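Reading the structure
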Amino acid sequence: MHAQLKDKQLLAFDLDGTLIDSVPDLAVAVQKTLAGEGLAPPQQTHVRDWVGNGAPVLIERALSWALGKSPNATLNARAYDAFLSHYSQAPDHLTRLYPGALEVLEAVRAAGLRQVLITNKPERFIMPILQHFAMLEYFDLYLGGDSLTQKKPHPLPLLHAAKTYGVSPADCAMVGDSRHDVGAGKAAGFTTFALPGGYNHGEPIALSAPDVLLDSLFDLIAETPCATRTAR
């Protein structure tokens, strides 16, 4: 296991951009939503830069892009409901696991760490996706962006997970791909691990100064990660 995980008791994972590449399915749902409003559908590359703050923000960003201005509340609410309907029909058809996801979850479990999932994705979509990719068994708890009164980058979901299992934040770590994961982890007092290449609005994750910058998920379970870097 990674040296920074020594003596940790709880490891929190983000989902989208960390364990799975969900943009292809999200993009289809966004495209159908905008088309239903008579608006130009965005490319997948656009959607990749918009995800990370939860579905409501994703739709607001998509509408703002298509309209060239912020949408009114009525349109935003209607489009959000349409998006949820479209996405619920196919949340895992084009989505793919990142290399090493299952191997890492299995190794972390074998090492005795409790694993929780903390994502900004609406809670209703989490279980179907975890079941589809055979990941549900690895998590003692999963929280979505609408599970509590606050979501990442607020530390509440992380602190809730630690409190639920009676673990000190100092004995916990957060693994994610965006500044929201790093920000939530820092605010909660977790050790923060960050992965490049995920969903961070085009911004290098190193700029968020995580405690550990990884090259891949495999670095979490390597005894001597070949490219582990501490960002300070």
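Residues numbered from 1 in each chain as written. Predicted model: local features only at pLDDT ≥ 70, side-chain atom pairs only at ≥ 80, totals over all residues. Heavy atoms only, no water.

Helix α4 (residues 73-89) packs onto helix α1 (residues 23-36) with a crossing angle of 135° between their chain directions and a minimal axis gap of 8 Å. Considering the angle they form, α1 stands oblique to α4. Considering the relative orientation of α1 and α4, their crossing is right-handed. Contact residues: D25, L26, A29, V30, K32 and T33 in α1; A79, A82, F83, H86 and Y87 in α4. (Axes fitted to C-alpha atoms, helices over the stretch in contact; angles between N-to-C directions. Helix = DSSP H or I, 4+ residues; strand = E, 2+ residues; numbered from the N terminus. Parallel < 35°, antiparallel > 145°, perpendicular 65-115°, else oblique. Left-handed = near helix turned anticlockwise from the far one by under 90°. Contact = heavy atoms within 4.5 Å.)

With that out of the way, let us pick up the nonpolar core. Formed by 49 residues in total, the largest nonpolar core has its most connected members in F13, L19, V47, F83, M135, F139 and L220. Mapped onto this core, the elements with two or more residues apiece are β1 (10-13), α1, α2 (44-50), α3 (55-67), α4, α5 (101-110), α6 (126-132) and β6 (172-176). With six residues, the single largest contributor to this core is α1. When near neighbours in sequence (up to four residues on either side) are disregarded, L220 contacts M1, H2, L5, F13, V104, V175, F193 and L214. If you look at the next biggest cluster of nonpolar residues, it comprises 15 residues, including L141, A161, A162 and C172. (Core = buried A, V, L, I, M, F, W, Y, C linked by side-chain atoms within 4.5 Å. Buried < 20%, exposed > 50% of the residue type's maximum accessible area, 1.4 Å probe, protein only.)

Our next topic: the side chain of D25. If you trace the backbone, D25 turns up in helix α1. No salt bridge forms around the buried D25; measuring N to O, its nearest opposite-charge neighbour R96 is 6.2 Å away. There is a polar contact of 2.9 Å between the side chain of D25 and the backbone nitrogen of L94. (Lys, Arg positive; Asp, Glu negative; His and termini not counted. Salt bridge = Lys/Arg side-chain N within 4 Å of Asp/Glu carboxyl O. Polar contact = N/O pair within 3.5 Å; in protein donor to acceptor, adjacent residues only side chain to side chain.)

Every buried residue of helix α8 (residues 179-188) is listed here: H180, D181, V182, A184, G185 and A188. On its buried side, α8 packs onto α7 (156-164), β6 and β7 (191-194). Remark: G189 follows α8 within two positions and exhibits a positive phi of approximately 85°.

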